[in-house]
Amino acid sequence: MSVQRPCPVCKGLDATPVIGRRNYQYIRCGGCQTVYLDPMPSAEEAAALYQNSAYFMGDEGTGYRDYYAMHKALAPHFHRRLRVLAKHLPRRGRLLDVGCADGYFLEMARADGWEVMGVEVSEEMAAKASGRLNIPIVTSVDRLLPVEFDAITMWEVLEHLPDPVAELQCLAQRLRPGGFLMLSTPNAGHWQALRAPETWTAYRPPAHLVLFTADSLQLALEKAGLFPIRIWKVSPLPPLPAWLQQATRPLARALADGSAHPWTLALMLWRGVRLLGWAWQKVAHPQDDIFATLEALACRPA
Ligand SMILES: [Zn+2]
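What you see is a predicted model, and the numbers here were worked out from it, not measured in a lab.

### Let's talk about the sheet that holds strand E4 (residues 94–98)
Now for step 1: Read across the sheet, six strands follow the order E5-E4-E6-E7-E10-E9 without closing on themselves; strand pairing throughout is mixed. Unpaired on one side and paired on the other, strand E5 (115–119) and strand E9 (227–236) mark the two borders of the sheet. Strand-to-strand, the axes of this sheet are offset by a mean angle of 15 degrees, without reference to chain direction.
Now for step 2: On top of the sheet, helix H2 (residues 71–88) reaches strand E6 (149–155), strand E7 (175–186) and strand E10 (291–299); it is set at about 160 degrees to E7, its chief contact.
Now for step 3: Packed onto the sheet, helix H7 (residues 214–223) meets E7, E9 and E10 and runs at close to 150 degrees relative to E9.

### Thoughts on the sheet that holds strand E1 (residues 15–21)
Now for step 1: Spatially, E1-E2-E3-E8 is the arrangement adopted by the four strands of the open sheet, whose pairing is antiparallel. The strands lining the two open edges of the sheet, one partner per strand, are E1 and strand E8 (210–211).
Now for step 2: Across six bridges, the pairing between E1 and strand E2 (residues 24–29) is antiparallel. Residue pairing across strands places Ala 15 opposite Cys 29, the latter belonging to E2.

### What about the nonpolar core?
Now for step 1: In terms of nonpolar packing, the biggest core is built from 69 residues, with Ile 152, Leu 181 and Ala 220 touching the most fellow members.
Now for step 2: Beyond its immediate chain neighbours, meaning those up to four positions away, Ala 220 contacts Val 9, Pro 164, Val 165, Leu 168 and Phe 212.

### A closer look at the domain arrangement of the chain
The figure often quoted for interface size is the accessible area lost as the parts come together.
Now for step 1: What the domain assignment reports for the chain is domain 1 (43–235 + 289–299) and domain 2 (242–284).
Now for step 2: Placing a centre on the C-alpha atoms of domain 1 and another on those of domain 2 gives a separation of 25 Å.
Now for step 3: With eight residues of domain 1 at the interface, the matching set in domain 2 holds seven residues.
Now for step 4: Grouping the amino acids of the side of domain 1 that touches domain 2 by side-chain chemistry returns four nonpolar, one polar and three charged.

### Focus on the environment of Leu 145
Now for step 1: Following the sequence through the fold, Leu 145 ends up in the loop between helix H4 (123–133) and E6.
Now for step 2: A sequence separation of 84 residues divides Leu 145 from Ile 229, and the C-alpha atoms of the two residues are 28 Å apart.

### Considering the packing of helix H5 (residues 164–174) against H7
Now for step 1: Axis separation between H5 and H7 bottoms out at 8 Å; the angle between their running directions is 50 degrees. Relative to H7, H5 is oriented oblique. Remark: the crossing between H5 and H7 carries right-handed chirality. Contact residues: Pro 164, Val 165 and Leu 168 in H5; Ala 220, Leu 221 and Lys 223 in H7.
Now for step 2: Of the residues assigned to the contact of H5 with H7, the class counts are five nonpolar, no polar and one charged.

### Observations regarding H4
Now for step 1: Restricting attention to buried positions, one finds in H4 the residues Met 125, Ala 126, Lys 128, Ala 129 and Leu 133. Projected down its long axis, H4 carries its buried residues within an arc of 160 degrees, all on one side.
Now for step 2: Along its buried surface, H4 packs onto helix H3 (104–111) and E5.
Now for step 3: Directly after H4, the chain includes Asn 134, whose backbone phi takes a positive value near 60 degrees.

### Description of H3
Now for step 1: Within H3 the residues assigned to the buried category are Tyr 104, Phe 105, Leu 106 and Ala 109.
Now for step 2: On its buried side, H3 packs onto H2, E4, E5, H4 and E6.
Now for step 3: Taken from the residues just after H3, Gly 113 is the one with a positive phi, measuring 110 degrees.

### Digging into the environment of Trp 114
Now for step 1: Relative to the elements of secondary structure, Trp 114 occurs in the loop between H3 and E5.
Now for step 2: Overall, the presence of 24 C-beta atoms within 10 Å leaves Trp 114 in the buried class.
Now for step 3: Excluding residues within four positions of it along the chain, Trp 114 makes contact with Arg 92, Leu 95 and Ala 109.

### Quick word on the pairing of E10
Now for step 1: For E10, the tally of buried residues reaches seven of nine residues, placing the bulk of the element in the interior.
Now for step 2: Relative to E10, E7 runs antiparallel, the two being bridged by seven bridges. When the sheet's bridge partners are listed, Thr 185 is paired in E10 with Leu 294.
Now for step 3: Pairing analysis gives eight bridges linking E9 to E10, with the strands arranged antiparallel. Bridging across to E10, Trp 232 finds its partner in Glu 295.

Conventions used here
- Residues numbered from 1 in each chain as written.
- Predicted model: local features only at pLDDT ≥ 70, side-chain atom pairs only at ≥ 80, totals over all residues.
- Pairing = 2+ DSSP bridges.
- Helix = DSSP H or I, 4+ residues; strand = E, 2+ residues; numbered from the N terminus.
- Axes fitted to C-alpha atoms, helices over the stretch in contact; angles between N-to-C directions.
- Contact = placed C-beta atoms within 7 Å.
- Core = buried A, V, L, I, M, F, W, Y, C linked by C-beta atoms within 7 Å.
- Buried ≥ 20, exposed ≤ 12 C-beta atoms within 10 Å, placed from the backbone.
- Domains from an automatic or database assignment.
- Nonpolar A, V, L, I, M, F, W, Y, C, P; charged D, E, K, R; others polar.
- Parallel < 35°, antiparallel > 145°, perpendicular 65-115°, else oblique.
- Left-handed = near helix turned anticlockwise from the far one by under 90°.
- Arc of directions from axis to C-beta.

Okay, structure coming up:
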């Protein structure tokens, strides 16, 4: 039997297979329920993935069909997250967005009063963000100016990192004491992750390496020396009766990738579908966790 890779969060060695995809295997830690990839892709493979423009445009299986078309799907989340940050840091300050892609969030953050900086591993995206914001965007955290941040954000980034605790620890060092880190990441406690893994789009190797439950995310933040203030769940995605799931799959996909048209009508329709699904879930699968995404707010102890 091969030696199992230890859990990246609790270091446990008691993991069971979840699903195999493209020569990779996701396994779930029996201790903390974190799901992680075994083997992890090599550093070279990971680097190549994000330097390929197809990742953001055209590679639906691993990356995005069209990242730019997703702006309208992302905007309400970005606005909501900025409101959460503003509640804790009403005077704003200096904000770093890690994995800033084309700088869309940073542009909104700057309009909200933040002094912004960004890190983006994809050189092409970093150049786009730099052009959009007219500021330099670096491709790794160690290339940042030696300054402290009032807030660090990372939207759907943590799951891409082979050693998330070490990475969070490094980011915690860049926060001023009392500064906040806020992030979002897929919820590995979602019903699809647990009982329908073949349908869960977050099982996406070799891009997604580590997937958290609310509890394992809390543990990861604590291990990184951060104080988790709150972890909450967003993006309700209840199970649907099979016929409804089948009938609405194109609609769900078009909304997820930003291609739905007309947008508002599609969104209202999808909300109606999910409401039906939610009512059905209460009867058919009452144990299901219906939220697809976790969000966390943590602070560097003063
Ligand atoms: Zn674990």
